[in-house]
Amino acid sequence: MRKLVQIFLPLLIVFLIAQLVIQIKDIEAASYKVGSKGDIVKKIEEKLKALGYFKGNPDNYFGQDTQGAVKRFQRAKGLKVDGIVGSNTLRALGINEGKTSAKPQRTDVNLLARAINGEARGEPYIGQVAVGAVIVNRTRDPRFPKTIAGVIYQPGAFTAVADGQINAKLEPTPQKAANDALNGWDPSGGAIYYYNPAKTTNKWIWSRPVIKRIGKHVFCR
C-alpha cells in the first residue's frame, strides 16, 4: 500500500498543479469585466451594439450596462453566463485580442469597403461586416485567390464588380465594416458564399449548406 502511495502521490500532485495553472490562465484571460477600461472594451461594446445587445454609446469603460449586454450575448450563444469577457466570449464576438497582428493594408481596406458598399449597401451593419468577412474567408481558402483584390476581381464572383456598383458613392459604414472584417470579426460564421434569395437565379448556390441569414442575404459554405 505504501508503495502505491509513493507512486501515485507525485502523479496526483502534478495533476493538481496542472489544474491550478489552467484555472489561473482562465482567470487571467477573463480580464474584461465591470471596471475594465481600454480599446478592447470599446470594441466589445461596438460589437455588442452591432449585434443588438448593447443599447448605450460605446466608450472605453466596462460598466453595468456592458455587463448586462455581455450576459445576454453569452446566454444567446450558449456560453457561461457570468458577464465577464474571457477568451471564449472574445472569440464568439469575433474580436482578436492579439497585439502582434499585422495592420490591414490601406488599399485592402478601401477596396473591401467599396465591395461591401456595392454588394451590401442598405443592409444592417452586421450584414455588411459579414459580406466583408466572406471575402476575407475566401483569401484563406485554397479554392480562391489569396488576396483581397484577387477575390473581389475574380471573374463572375461579385455582381457589384460586373454592374459597376463597386464604384458607387461610398456610404459611411462600409469603411468601418471593412476594418472590422479584416480585423477578424466574422458574423457570417465562416461562410465563403452569400446570396439574396429574392434576386439569385443560380441553382447551384441554392444547394450550398446554409449557415445563417442576415438581412436579405443568406450565408453559406
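How each quantity is defined
- Residues numbered from 1 in each chain as written.
- Predicted model: local features only at pLDDT ≥ 70, side-chain atom pairs only at ≥ 80, totals over all residues.
- Heavy atoms only, no water.
- Buried < 20%, exposed > 50% of the residue type's maximum accessible area, 1.4 Å probe, protein only.
- Helix = DSSP H or I, 4+ residues; strand = E, 2+ residues; numbered from the N terminus.
- Pairing = 2+ DSSP bridges.
- Expected span 1.5 Å × (residues − 1).
- Contact = heavy atoms within 4.5 Å.
- Phe/Tyr/Trp six-rings, centres within 6.5 Å; stacked < 30°, edge-to-face > 60°.
- Polar contact = N/O pair within 3.5 Å; in protein donor to acceptor, adjacent residues only side chain to side chain.
- Salt bridge = Lys/Arg side-chain N within 4 Å of Asp/Glu carboxyl O.
- Core = buried A, V, L, I, M, F, W, Y, C linked by side-chain atoms within 4.5 Å.

Whenever I open this one, the pairing of strand E3 (residues 217-220) confuses me. Can you help?
Across a regular strand the side chains alternate sides, sitting on one face of the sheet and then on the other. Side chains His217 and Phe219 of E3 all project onto a buried face; the interleaved residues Val218 and Cys220 project onto the opposite face, where all are buried too. Sheet topology places strand E2 (residues 210-214) next to E3; four bridges connect them, and they run antiparallel. Residue pairing across strands places Ile214 opposite His217, the latter belonging to E3. Taking the residues between adjacent antiparallel strands as the criterion, E2 and E3 are bridged by two residues, where Gly215 takes a positive phi near 60 degrees.

Can you walk me through helix H6 (residues 125-139) in this structure?
Working note: α-helix, 3.6 residues per turn, so residues spaced by three or four point in the same direction. Between its terminal C-alpha atoms H6 stretches 22 Å, which fits the 21 Å expected from 15 residues at 1.5 Å a residue. Taking burial as the measure, the 15 residues of H6 include 15 buried ones, the bulk of the element.

Would you mind going over the environment of Ile166 with me for this structure?
Its place among the elements puts Ile166 in the loop between helix H8 (159-162) and helix H9 (173-182). Look at Ile166 and you get buried, because its relative accessible area is 4%. Along the sequence, Ile166 and Glu119 sit 47 residues apart, while their C-alpha atoms lie 7.7 Å from each other. In this view, Ile166 contacts Leu111, Arg114, Ala115, Gly118, Ile152, Tyr153, Ala160 and Val161; residues no more than four positions away in its chain are not counted.

What exactly am I supposed to notice about the packing of aromatic side chains here?
Aromatic ring pairs are described here by two measures, namely the spacing of the ring centres and the angle between the planes. Per the counting criterion, the structure on display carries seven aromatic pairs. Plain terms: the ring middles of Phe144 and Tyr193 are 6.0 Å apart, the flat faces sit at 65 degrees to each other, and that makes the pair edge-to-face. Note that Phe144 is positioned in the loop between H6 and helix H7 (148-152) and Tyr193 in strand E1 (residues 193-195), a separation of 49 residues in sequence. In this structure Phe144 comes out as buried when scored by relative accessible area, which is 11%. Classification of Tyr193 by relative accessible area gives buried; the value is 11%. Members of the aromatic cluster, each reached through a chain of ring pairs, are Phe144, Tyr193 and Trp204.

Just checking my understanding: could you explain the environment of Thr66 for this structure?
Within the fold, Thr66 resides in helix H3 (residues 64-77). The exposure class of Thr66 is buried, given its relative accessible area of 2%. Through-space distance from the C-alpha of Thr66 to that of Phe54 is 6.7 Å; in sequence the pair is twelve residues apart. Filtering out sequence-adjacent residues up to four positions away, Thr66 remains in contact with Glu45, Leu48, Phe54 and Tyr61. Polar side-chain contacts of Thr66 include one of 2.7 Å to the side chain of Glu45.

Sorry, what's going on with the pattern of salt bridges here?
Side chains that differ in sign of charge can pair as their charged atoms come close. This structure, assessed with the given rule, holds three salt bridges. Between Lys43 and Asp180 there is a salt bridge, with the nearest N and O atoms lying 3.0 Å from each other. Of the two residues, Lys43 is situated in helix H2 (residues 39-50) and Asp180 in helix H9; the sequence distance between them amounts to 137 residues. The partly exposed category is assigned to Lys43, whose relative accessible area is 23%. One salt bridge connects Lys176 with Asp180, and the closest N-O pair in it is separated by 3.8 Å. One end of the pair is Lys176 and the other is Asp180, both in helix H9 and four residues apart, which spans about a single turn. What makes Lys176 partly exposed here is its relative accessible area of 39%. Through salt bridges with shared partners, a single ionic network connects Lys43, Lys176 and Asp180.

Quick question: what am I supposed to make of the nonpolar core here?
Within soluble globular proteins, side chains that are nonpolar generally end up buried alongside one another. Leu112, Ile116, Ile135, Ile148, Ile152 and Phe219 are the most contacted members of the largest nonpolar core, which has 36 residues in total. Element by element, the count of residues in this core is highest for H6, at eight residues. Residues within four places of Ile152 in sequence aside, it is in contact with Leu111, Leu112, Ala115, Ile135, Phe158, Val161 and Ile166. Residues Val41, Tyr53, Phe73 and Val85 belong to the second largest nonpolar core, which totals 15 residues.

These results come straight from atomic positions and should not be treated as a statement about function.
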